[in-house]
Structures are given as C-alpha cells and as structure tokens.
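Each chain is listed here by its residues.
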Amino acid sequence: MAAPQRTLKVLERNWGMVDNALNGLDDANLSRIPAEGCNSIAWINWHMYRVLDTFVNARFQGKPQIWISDNWYQKFGMT
C-alpha cells in the first residue's frame, strides 16, 4: 500500500473513533469547559479539523485550505 493510501486509511480510522466518541453528546456537553485553562470538546474537535484541513489540503495537495477557500473563517466571524 502506498503512503497516501496508508495515510488516508489511518485518518479514516482515527476520525471514525472521534465520531464514535462524540456520538450522543449534546451542545451542552460539547461546549462545557471542564476546568479553568481547559478547552471544550467542541473547540478541540474544531482544532483537529483545522489541522487536518491544513495538512491534507495545503501541505499534501498544495491546495488552499477549505477554511479559507470556502470562506468558513468569515462565516464564523474570524476575519
């Protein structure tokens, strides 16, 4: 198996585990900050997807990040 296929397989497996972990959590659980200095589950999930977007699109494929090309940063008011 070539490196891109292995990478994709690992990412799919890992994101499947994330999906399973998030299954059934409501907005209150996702946005809860468990202690001072900690991040919410929602923020950690958002951050993981941003890192994935950066690596897969920008670094591996040489394409713009979806966050930028689809104007998601503007939709979230992060201009």
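Our subject is the structure that appears above.
One structure accompanies this document, and this report is about it. (Residues numbered from 1 in each chain as written. Predicted model: local features only at pLDDT ≥ 70, side-chain atom pairs only at ≥ 80, totals over all residues. Heavy atoms only, no water.)

## Quick notes on unusual backbone geometry
Backbone geometry places N71, a non-glycine residue, at a positive phi of 60°. Within the secondary structure layout, N71 lies in the loop between α4 (66-69) and α5 (72-75). Overall, N71 belongs to the partly exposed group, its relative accessible area being 32%. (Helix = DSSP H or I, 4+ residues; strand = E, 2+ residues; numbered from the N terminus. Buried < 20%, exposed > 50% of the residue type's maximum accessible area, 1.4 Å probe, protein only.)

## Quick look at the pattern of salt bridges
Counted according to the given criterion, the structure contains 1 salt bridge. Note that D53 is salt-bridged to R50, the shortest N-O span being 3.2 Å. Within this pair, D53 and its partner R50 are both found in helix α3 (residues 41-60), separated by 3 residues, close to a single helical turn. (Salt bridge = Lys/Arg side-chain N within 4 Å of Asp/Glu carboxyl O.)

## Topic: α3
The end-to-end C-alpha separation of α3 is 27 Å, in line with the 28 Å expected for 20 residues at 1.5 Å each. If you check which residues of α3 are buried, you get N45, R50, D53 and N57. Where the residues of α3 are buried, they touch α1 (3-22) and α4. Following α3 by one or two positions, G62 has its phi on the positive side, about 70°. (Expected span 1.5 Å × (residues − 1). Contact = heavy atoms within 4.5 Å.)

## Some thoughts on α1
Along its 20 residues, α1 runs 28 Å from first to last C-alpha, staying within 8% of the 28 Å computed at 1.5 Å per residue. With its phi angle positive at about 90°, G24 sits one or two positions after the end of α1.

## Quick word on a nonpolar patch on the surface
Taken together, I66, W72, F76 and M78 make up a surface patch of nonpolar side chains, about 400 Å² in accessible area. Its place among the elements puts I66 in helix α4. You can call I66 partly exposed: its relative accessible area is 40%. (Patch = residues over 30% accessible without salt bridge, like charges linked within 9 Å, V, L, I, M, F, W, Y side chains within 5 Å. Areas by Shrake-Rupley, 256 points an atom, 1.4 Å probe, with all protein chains shown as cover.)

Just distances and angles here, no functional claims.
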